[in-house]
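Now for the letters of each chain:
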Amino acid sequence: MSILKRLGTRLDTSGGRQKMRAFKDGWPGRNRNEIKFYQTDKVQYRYRERLCLHGDGPTIVFTADPPATLEVYDELFSVFSSRFRVIAVELPAMGFSAVSNDYGFGFRETNDDLALFLRDVAGEEAVWAFSCVAGLAAIDLAVRRPELVSKIILMQTGDVAAFATWKDARDPKHILAKPLLGQLIMKRIAHKRMPDWYELSVGNKAKVEHFCTCAAESFEHGAMWSLASAYQTYMDKDIVLGRPSQPILALWGLADRSHSPENASSALNFSDNVEHVTFEDLGHFSELEDTKRIFDIIEKFVAN
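Before going into details, it helps to say that this report is about the structure given with it. (Residues numbered from 1 in each chain as written. Predicted model: local features only at pLDDT ≥ 70, side-chain atom pairs only at ≥ 80, totals over all residues. Heavy atoms only, no water.)

### What to know about the pairing of strand β10 (residues 248–253)
Working step 1: Among the six residues that make up β10, six are buried, leaving the element largely enclosed by the rest of the structure.
Working step 2: Residues Ile 248, Ala 250 and Trp 252 point to one face of β10 and Leu 249, Leu 251 and Gly 253 to the other, with burial holding for every one of them.
Working step 3: Pairing analysis gives four bridges linking strand β8 (residues 149–155) to β10, with the strands arranged parallel. Bridge assignment links Met 155 to a residue of β10, and that residue is Leu 251.
Working step 4: Bridge analysis of β10 against strand β11 (residues 274–279) gives six bridges, and the strand direction is parallel. For Ile 248, the partnering residue across the bridge sits in β11 and is Val 274. (Buried < 20%, exposed > 50% of the residue type's maximum accessible area, 1.4 Å probe, protein only. Helix = DSSP H or I, 4+ residues; strand = E, 2+ residues; numbered from the N terminus. Pairing = 2+ DSSP bridges.)

Below, the structure is given as structure tokens:
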């Protein structure tokens, strides 16, 4: 990593240890009774967990896709806990998952750290329901840590080439891609960009106000959205992924105007065992936009 890029990522990791204490003791750790924290050497993960209401259901893990934080998952927990032990986690330096100063946003670095959380909290043979670029972590870890996952659900995840296209479309002037400048700009505009992002990406417009309200409250309490560092380091166009053996369900909301519909089927490139489902009326957050419909689809996929 170049010195300039490292200085840029430091803007998103500075004060990490102080944030860990503040998040654990403050509003982020108290506003839902299901909130928990898991600590590695580099990351303090904030997550929610609810046991299955009807016995020992399989574990399903959702990744919160910023600016969404765990506060927007109330309905999902209510619906999915009828069949699953439900976990939702915020990714490193996103939401309230604070990181140490030596965290560098690297693709394998991040995935390997996330694997510790998945191993110790979710356990082996879990179902992973990962959103957007986190879906690349699911594919990577499914190959390298196959014991941790039985089935994979990808939501608005394209292949590596699709994310390169997405980056160019969302950052046409390559401002976020510039170390230091990108981080400084993101810190200034994150809370302002959030409503526009939801308006652009959400298909079910009845949900936009609720999503914005939850995100605004989280930003008021210090939620992170380290998009520039992720752009510059995690989303590497030269990533080479293996082909997982686990069954994959790829869900894509065509009403998401932040992702090109041309990339909707690119998840089929991950393996020969991908079931692909699209929705004309849903957008980037299908599992939150129409939770019951997505639950029915996922329940059937897991049962087969």
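### Describing unusual backbone geometry
Working step 1: In this chain, Pro 66 is followed by Pro 67 through a cis amide linkage whose omega measures 15°.
Working step 2: Tracing the backbone through its elements, the reader meets Pro 67 in the loop between β3 (59–64) and α4 (74–80).
Working step 3: At Ala 93, a position not held by glycine, the phi torsion is positive, near 65°.
Working step 4: Here Ala 93 is to be found in the loop between β4 (85–90) and β5 (94–95).
Working step 5: A relative accessible area of 0% means that Ala 93 is categorised as buried.

### Quick word on the packing of helix α5 (residues 107–122) against helix α6 (residues 134–144)
Packed helix pairs are specified by the crossing angle of their axes together with the interaxial distance, meaning the distance between the axes.
Working step 1: Two elements in contact, α5 and α6, have axes separated by 10 Å at closest approach and are oriented at 70°. Considered as vectors, α5 and α6 are oriented roughly perpendicular to each other. Where α5 approaches α6, its residues Phe 107, Arg 108, Asn 111, Asp 112, Leu 114, Ala 115 and Leu 118 are matched on the opposing element by Leu 136, Ala 137, Asp 140, Leu 141 and Arg 144.
Working step 2: Considered class by class, the residues forming the contact of α5 with α6 number seven nonpolar, one polar and four charged. (Axes fitted to C-alpha atoms, helices over the stretch in contact; angles between N-to-C directions. Parallel < 35°, antiparallel > 145°, perpendicular 65-115°, else oblique. Contact = heavy atoms within 4.5 Å. Nonpolar A, V, L, I, M, F, W, Y, C, P; charged D, E, K, R; others polar.)

### A word on the packing of aromatic side chains
Working step 1: By the definition in use, this model includes 19 aromatic pairs.
Working step 2: With 6.0 Å between their ring centres and 65° between their planes, Phe 211 and Phe 285 make a pair best called edge-to-face. Of the two residues, Phe 211 is situated in helix α9 (residues 208–220) and Phe 285 in the loop between β11 and α11 (286–289); the sequence distance between them amounts to 74 residues. Pair check on accessibility: Phe 211 and Phe 285 agree, each one buried. (Phe/Tyr/Trp six-rings, centres within 6.5 Å; stacked < 30°, edge-to-face > 60°.)

### Brief notes about the pairing of β4
Working step 1: In terms of burial, β4 is largely enclosed, as six of its six residues are buried.
Working step 2: Sheet topology note: the strand β2 (residues 43–50)/β4 ladder contains four bridges and is antiparallel. Residue Arg 50 lies in a different strand from β4, and its bridge partner there is Val 86.
Working step 3: The pairing of β3 with β4 spans six bridges and is classified as parallel. Note on β4: the bridge partner recorded for Thr 59 is Arg 85.

### A closer look at the packing of helix α1 (residues 3–13) against helix α8 (residues 181–201)
Working step 1: Interhelical geometry of α1 versus α8 gives an angle of 25° and a closest axis separation of 8 Å. Considering their axes alone, α1 and α8 lie roughly parallel with respect to each other. Packed against α1, whose contacting residues are Gly 8, Thr 9, Leu 11 and Asp 12, the element α8 presents Gln 183, Leu 184 and Lys 187 at the interface.
Working step 2: Broken down by class, the residue content of the contact of α1 with α8 amounts to two nonpolar, three polar and two charged.

### Some words on the side chain of Gln 156
Working step 1: Considering the arrangement of structural elements, one finds Gln 156 in the loop between β8 and α7 (160–170).
Working step 2: Within the local environment of Gln 156, its side chain forms a polar contact with the backbone nitrogen of Gly 253, the two atoms lying 2.8 Å apart.
Working step 3: Beyond its immediate chain neighbours, meaning those up to four positions away, Gln 156 contacts Cys 132, Phe 163, Leu 251, Trp 252, Gly 253, Asp 256, His 259, Gly 283 and His 284. (Polar contact = N/O pair within 3.5 Å; in protein donor to acceptor, adjacent residues only side chain to side chain.)

### Remarks on the side chain of Glu 287
Working step 1: Within the element layout of this structure, Glu 287 appears in helix α11.
Working step 2: Buried charge without a salt bridge: Glu 287, with Lys 207 as the nearest opposite-charge side chain at an N-O distance of 11 Å. (Lys, Arg positive; Asp, Glu negative; His and termini not counted. Salt bridge = Lys/Arg side-chain N within 4 Å of Asp/Glu carboxyl O.)

### Topic: the nonpolar core
Working step 1: With 105 residues, the main nonpolar core has Ile 60, Phe 62, Phe 80, Phe 117, Trp 128, Ile 153 and Tyr 198 as its most contacted residues.
Working step 2: If we ignore the near neighbours within four places in the chain, the residues touching Trp 128 are Val 61, Leu 118, Ala 138, Leu 141, Ala 142, Leu 148, Val 149, Lys 151, Ile 152 and Ile 153. (Core = buried A, V, L, I, M, F, W, Y, C linked by side-chain atoms within 4.5 Å.)

None of this, on its own, says anything about what the molecule does.
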